[in-house]
Amino acid sequence: MPPSGQHLTDREAALLTEYELIRNEVKKMGGLIAEINEEELDALTQSMRAVEQKLALVYTVFRSSIYAHINQNGAPDQAEDPSPAFAEPFQTNCPPFD
């Protein structure tokens, strides 16, 4: 409220009216959110959990099929001997331990 003896301009009155409309909408949204939290949150959580479990299963099956495919066909850049780099003994410039 303005101090006594002052009147609101049209712009100020319109601003306060818009503020009141926004406040009422925010109160409605708060009520809807509270209703969703009380009633629908458990059902939503359960269905999201079911989706999460199915997604984990699909991911596991996908990874295992990729692993099986690679093992069946062999890696494209894999040579006959899987560790040719370790065929020679390791060389170092350090003196041997006594």
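In case you missed it, the structure is sitting above this.
Keep in mind it's a predicted model, so treat the numbers as computed, not measured.

On to the overall build of the chain. Summing up its helical and strand segments, the chain has 1 helix and 0 strands in all. Taking all 98 residues of the chain together, the buried fraction comes to 0%. In the form shown here, the chain has an accessible surface area of approximately 9,900 Å², with 61% of it arising from carbon and sulfur atoms.

Attention shifts here to helix H1 (residues 10-73). At 3.6 residues per turn, the α-helix brings residues three or four places apart onto the same side. The end-to-end C-alpha distance of H1, which contains 64 residues, comes to just 79 Å, noticeably less than the 94 Å that a straight helix rising 1.5 Å per residue would cover. Considering bend angle alone, the principal kink of H1 is centred on Glu-40 and spans about 65 degrees. Downstream of H1 by one or two residues, Gly-74 has phi in the positive range, about 80 degrees.

Attention now moves to the pattern of salt bridges. This model, assessed by the stated rule, comprises 2 salt bridges. The partner of Lys-28 in a salt bridge is Glu-25, with the nearest N and O atoms 3.4 Å apart. You can see Lys-28 and its partner Glu-25 sitting in helix H1, 3 residues apart, about one turn around the helix. Lys-28 gets classed as exposed once you look at its relative accessible area, which sits at 52%. Overall, Glu-25 belongs to the partly exposed group, its relative accessible area being 42%.

So, about a negative patch on the surface. Negative charge collects at one region of the surface, where Glu-35, Glu-38, Glu-39 and Glu-40 lie side by side. Inspection of the secondary structure assignment puts Glu-35 in helix H1.

Let us now look at a nonpolar patch on the surface. A cluster of nonpolar residues, Leu-41, Leu-44 and Met-48, forms a patch on the protein surface that exposes about 280 Å² of accessible area. On the secondary structure map, Leu-41 appears in helix H1.

What counts and how
- Residues numbered from 1 in each chain as written.
- Predicted model: local features only at pLDDT ≥ 70, side-chain atom pairs only at ≥ 80, totals over all residues.
- Heavy atoms only, no water.
- Helix = DSSP H or I, 4+ residues; strand = E, 2+ residues; numbered from the N terminus.
- Buried < 20%, exposed > 50% of the residue type's maximum accessible area, 1.4 Å probe, protein only.
- Areas by Shrake-Rupley, 256 points an atom, 1.4 Å probe, with all protein chains shown as cover.
- Expected span 1.5 Å × (residues − 1).
- Bend = angle between axes of the 7 residues up to and from the residue.
- Salt bridge = Lys/Arg side-chain N within 4 Å of Asp/Glu carboxyl O.
- Patch = residues over 30% accessible without salt bridge, like charges linked within 9 Å, V, L, I, M, F, W, Y side chains within 5 Å.
- Lys, Arg positive; Asp, Glu negative; His and termini not counted.
- Charge placed at Lys NZ, Arg CZ, Asp CG, Glu CD.

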